[in-house]
Amino acid sequence: RETGVIQFIGINPTADPKLTPEVRKAISMAIDREGINKAIFNGIRVNATGWVSPVVDGYKADVCGEVCVYDKAKAKAALDAAGGYTGQLQLAYNGDGDHKAWTEATCNSIKDALAIDCVATPQVDFKTFLTAAGNNELGLFRYGWQMDYPSIENFLTPLYATGAGSNYFGPYNNAAFEKLLAEAAAAPTLDEANAKYQEAEALLVDDMPTIPLWYGKAVIGWSDKVNAVGINAFGVPDFANITTK
């Protein structure tokens, strides 16, 4: 079942000023999420259409719109309109994880659609990767988020609020976004709060602080000695309710 996990490409314009919002949109449209999902993940991921996981209250589908849909022609036209991209584009990942195959496939998709020299670039390990990201050395980098609690807020505030550098190495600063977060936090009802958070998420389309890729899924198996096993939104089996046949 789907879980409260999102995988995305982080962007730091301090490290690479050429990665303007319009260039980021072109890169996003150049990524064949479905093809990579099938080829690398055996189809067990869910193509992301926004920045919030479908498992949480307040989720809204297709926030990202066409910017998160693979379209080579639109991607190339968007890049040309943005003034192009010169030089080598590096997509960083930590070499001690399982990210080599999908980052290389992502770069190949970008290269094919945009004729950009995109190279998946490993860092020695996760610690080295985080240090480089924290030092503003990485322009594009693989990143992901697993929710702490099931709320739309947990996919927005910890990652994109001003000063949230402990969780994301953007940085991202948007006064209108901050205002909506504050209004959502002060809202008297959950529905009103979620509406404000949805407005805040919609602003991310213009700035593209990250490029959404996939939502996570948990995959488990069980013995024929037990009845069907449930999985919660954190990807953990519902052990308390497992029953034998």
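Here the structure is a predicted model, which is why all the values come from computation and not from measurement. (Residues numbered from 1 in each chain as written. Predicted model: local features only at pLDDT ≥ 70, side-chain atom pairs only at ≥ 80, totals over all residues. Heavy atoms only, no water.)

**A few points about the overall build of the protein chain**
Stage number 1. For the protein chain, the helix and strand inventory stands at eight helices and six strands.
Stage number 2. Traced from its N-terminal end to its C-terminal end, the protein chain shows the element sequence β-α-α-β-α-β-α-β-α-β-α-α-α-β.
Stage number 3. On C-alpha atoms alone, the protein chain measures out to a radius of gyration of 19 Å, which is about the 18 Å that the 2.2 N^0.38 rule sets for 245 residues.
Stage number 4. By its C-alpha atoms, the protein chain is 60 × 45 × 35 Å across when sized along the principal axes.
Stage number 5. The buried share of the protein chain, taken over its 245 residues, is 44%.
Stage number 6. In the protein chain, the share of contacts with a sequence separation of at least 24, taken over all contacts with a separation of at least 6, comes to 74%.
Stage number 7. Across the protein chain, the 20 positively charged side chains and the 29 negatively charged ones have centroids separated by 5 Å. (Helix = DSSP H or I, 4+ residues; strand = E, 2+ residues; numbered from the N terminus. Rg over C-alpha atoms; globule rule 2.2 N^0.38 Å. Buried < 20%, exposed > 50% of the residue type's maximum accessible area, 1.4 Å probe, protein only. Contact = heavy atoms within 4.5 Å. Lys, Arg positive; Asp, Glu negative; His and termini not counted. Charge placed at Lys NZ, Arg CZ, Asp CG, Glu CD.)

**Some details on the packing of aromatic side chains**
Stage number 1. Per the counting criterion, the structure on display carries nine aromatic pairs.
Stage number 2. Considering the side-chain rings of Phe-8 and Tyr-143, the 5.9 Å spacing of their centres and the 40 degrees angle between planes classify their relative orientation as tilted. Residue Phe-8 is located in strand E1 (residues 2–11), and its partner Tyr-143 is located in strand E5 (residues 140–146); the two are separated by 135 residues in the primary sequence. We note that Phe-8, like Tyr-143, is buried.
Stage number 3. Taken together, a centroid distance of 5.2 Å and an interplanar angle of 75 degrees make the contact between Phe-41 and Trp-214 edge-to-face. Placement of the pair is Phe-41 in helix H2 (residues 33–41) and Trp-214 in strand E6 (residues 210–217), with a sequence separation of 173 residues. (Phe/Tyr/Trp six-rings, centres within 6.5 Å; stacked < 30°, edge-to-face > 60°.)

**Focus: the side chain of Asn-194**
Stage number 1. Position of Asn-194 relative to the elements: it lies in helix H8 (residues 190–207).
Stage number 2. Engagement of the side chain of Asn-194 in a polar contact is seen with the side chain of Asp-57, the distance being 3.2 Å. (Polar contact = N/O pair within 3.5 Å; in protein donor to acceptor, adjacent residues only side chain to side chain.)

**Looking at the packing of helix H7 (residues 175–185) against H8**
Stage number 1. Between H7 and H8, the least distance of the axes is 8 Å, while the angle of their chain directions is 165 degrees. Taken together, H7 and H8 sit at an angle that is classed as roughly antiparallel. As H7 packs across H8, the resulting crossing turns out to be left-handed. In this structure, H7 contributes Ala-176, Phe-177, Leu-180, Leu-181, Glu-183, Ala-184 and Ala-185 to the contact, and H8 contributes Ala-193, Lys-196, Tyr-197, Glu-199, Ala-200, Glu-201, Leu-203 and Leu-204. (Axes fitted to C-alpha atoms, helices over the stretch in contact; angles between N-to-C directions. Parallel < 35°, antiparallel > 145°, perpendicular 65-115°, else oblique. Left-handed = near helix turned anticlockwise from the far one by under 90°.)

**Quick look at the pairing of strand E4 (residues 117–123)**
Stage number 1. Both strand E3 (residues 88–94) and E4 contribute to a ladder of seven bridges, which runs parallel. Each residue of the ladder has a partner; that of Leu-91, found in E4, is Ala-120.
Stage number 2. Crossover E3 to E4 through helix H4 (residues 100–114) is right-handed. (Pairing = 2+ DSSP bridges. Right-handed = clockwise from strand over helix to strand, strands pointing away.)

**Description of the pairing of E1**
Stage number 1. Most of E1 sits out of view: eight of its ten residues are buried.
Stage number 2. Bridging between E1 and E6 involves six bridges; their strand directions are antiparallel. Its bridge partner lying in E6, Gly-10 is registered against Thr-210.
Stage number 3. Sheet topology note: the E1/E5 ladder contains seven bridges and is antiparallel. Note on E5: the bridge partner recorded for Phe-8 is Tyr-143.

**Concerning the packing of helix H1 (residues 21–29) against H8**
For any two helices packed against each other, the geometry is given by the interaxial angle and the distance between the axes.
Stage number 1. Contact geometry for H1 and H8: axes closest at 8 Å, N-to-C directions at 95 degrees. As the angle between them shows, H1 and H8 are arranged roughly perpendicular. On H8, the residues that touch Pro-21, Arg-24 and Lys-25 of H1 are Val-205, Asp-206 and Asp-207.

**Observations concerning the side chain of Ser-28**
Stage number 1. Tracing the backbone shows Ser-28 in helix H1.
Stage number 2. Here the side chain of Ser-28 touches Arg-33 through a polar contact of 2.8 Å, side chain to side chain.
Stage number 3. Not counting the four nearest positions on each side in its chain, Ser-28 is found in contact with Arg-33, Val-67, Cys-68, Met-208 and Ile-211.

**A short note on H4**
Stage number 1. Over its 15 residues, H4 runs 21 Å from end to end, which matches the ideal 21 Å to within 8%, given 1.5 Å per residue.
Stage number 2. If you check which residues of H4 are buried, you get Trp-102, Thr-103, Thr-106, Cys-107, Ser-109, Ile-110, Ala-113 and Leu-114. Buried residues of H4, viewed axially, fall in a sector of 155 degrees; they line one side.
Stage number 3. Backbone geometry just after H4 places Ala-115 at a positive phi near 60 degrees. (Expected span 1.5 Å × (residues − 1). Arc of directions from axis to C-beta.)

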